[in-house]
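# Architecture and fold: a report
Spelled out from the first residue to the last, the chains are:
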Amino acid sequence: MTASCAGSLRTSPVAPARLILPETASRPCALATLPAEPTLADLEAAYMLRGAQVLACDGARRLAVETLLAERAMQAAGRASVPQP
C-alpha cells in the first residue's frame, strides 16, 4: 500500500526562527547553605543571600520563558506567511 503526500502541508525552504537562549537563563540556580553549626549571624546572612539568589533565579527563569514564547511567536508568524495550496 502506498500513501500520497498530496494532502500534506508544504514545507518552507526557510529554517524556522530560532533565538539564542541567554547564558544566565540556562545556568543552574545557586542557593546558600548553612555551616554545620550555624550561628544567628549565619542564619541571617543565609536568609538575605538566599532571598537575593531566589530573585536572580526567578529573573533567569522569566527570561527563559520570554525567549521561548518569543521564538514560538516568530515561528507561528513564519508558518502563517507560507502560502497554503
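Everything that follows concerns the structure shown earlier in this document.
So, a few notes on the structure that sits alongside this text.

Calculation notes
Residues numbered from 1 in each chain as written. Predicted model: local features only at pLDDT ≥ 70, side-chain atom pairs only at ≥ 80, totals over all residues. Heavy atoms only, no water. Helix = DSSP H or I, 4+ residues; strand = E, 2+ residues; numbered from the N terminus. Buried < 20%, exposed > 50% of the residue type's maximum accessible area, 1.4 Å probe, protein only. Contact = heavy atoms within 4.5 Å. Areas by Shrake-Rupley, 256 points an atom, 1.4 Å probe, with all protein chains shown as cover. Patch = residues over 30% accessible without salt bridge, like charges linked within 9 Å, V, L, I, M, F, W, Y side chains within 5 Å. Salt bridge = Lys/Arg side-chain N within 4 Å of Asp/Glu carboxyl O. Disulfide = S-S within 2.5 Å.

## Overview of the overall build of the chain
- Secondary structure assignment for the chain yields 2 helices and 0 strands.
- Sorting the 85 residues of the chain into buried and exposed places 11% on the buried side.
- Taking contacts inside the chain between residues at least 6 apart in sequence as the whole, the part at least 24 apart equals 69%.
- Accessible surface, the chain: about 7200 Å² in total, of which carbon and sulfur atoms supply 65%.

## What about a nonpolar patch on the surface?
- A cluster of nonpolar side chains, contributed by Leu34, Leu40 and Leu43, occupies part of the molecular surface with about 280 Å² of accessible area.
- Secondary-structure assignment places Leu43 in helix α2 (residues 40-81).

## Focus: the state of the cysteines
- Taken as a whole, this structure holds 1 disulfide when the rule is applied.
- One disulfide in the model links Cys29 with Cys57; its S-S distance is 1.7 Å. Looking along the S-S bond of the Cys29-Cys57 disulfide, the torsion reads about 75°, which is the right-handed sense. One end of the pair, Cys29, is in the loop between α1 (23-26) and α2; the other, Cys57, is in helix α2, with 28 residues separating them in the sequence.
- Cys29 sits in the partly exposed class, given a relative accessible area of 43%.
- Its relative accessible area of 25% is what places Cys57 among the partly exposed residues.

## Considerations on the side chain of Glu71
- Its place among the elements puts Glu71 in helix α2.
- Residue class for Glu71 comes out buried when judged on its relative accessible area of 10%.
- Other than its neighbours up to four places away in sequence, Glu71 contacts Ala17, Arg18 and Leu19.

## Looking at the pattern of salt bridges
- Evaluation of the coordinates by the stated rule reveals 3 salt bridges.
- The salt bridge partner of Arg61 is Asp58, with a shortest N-O separation of 3.1 Å. Residue Arg61 and its partner Asp58 are both found in helix α2; the two are separated by 3 residues, about one turn of the helix.
- Measuring nitrogen to oxygen at the nearest pair gives 2.5 Å for the salt bridge that ties Asp58 to Arg62. Taken together, the residues Asp58 and Arg62, both in helix α2 and 4 residues apart, mark about one turn of the helix.
- Each of Asp58, Arg61 and Arg62 takes part in salt bridges that share partners, so that together they form one network.

All quantities given are derived from atomic positions and should not be read as evidence of function.
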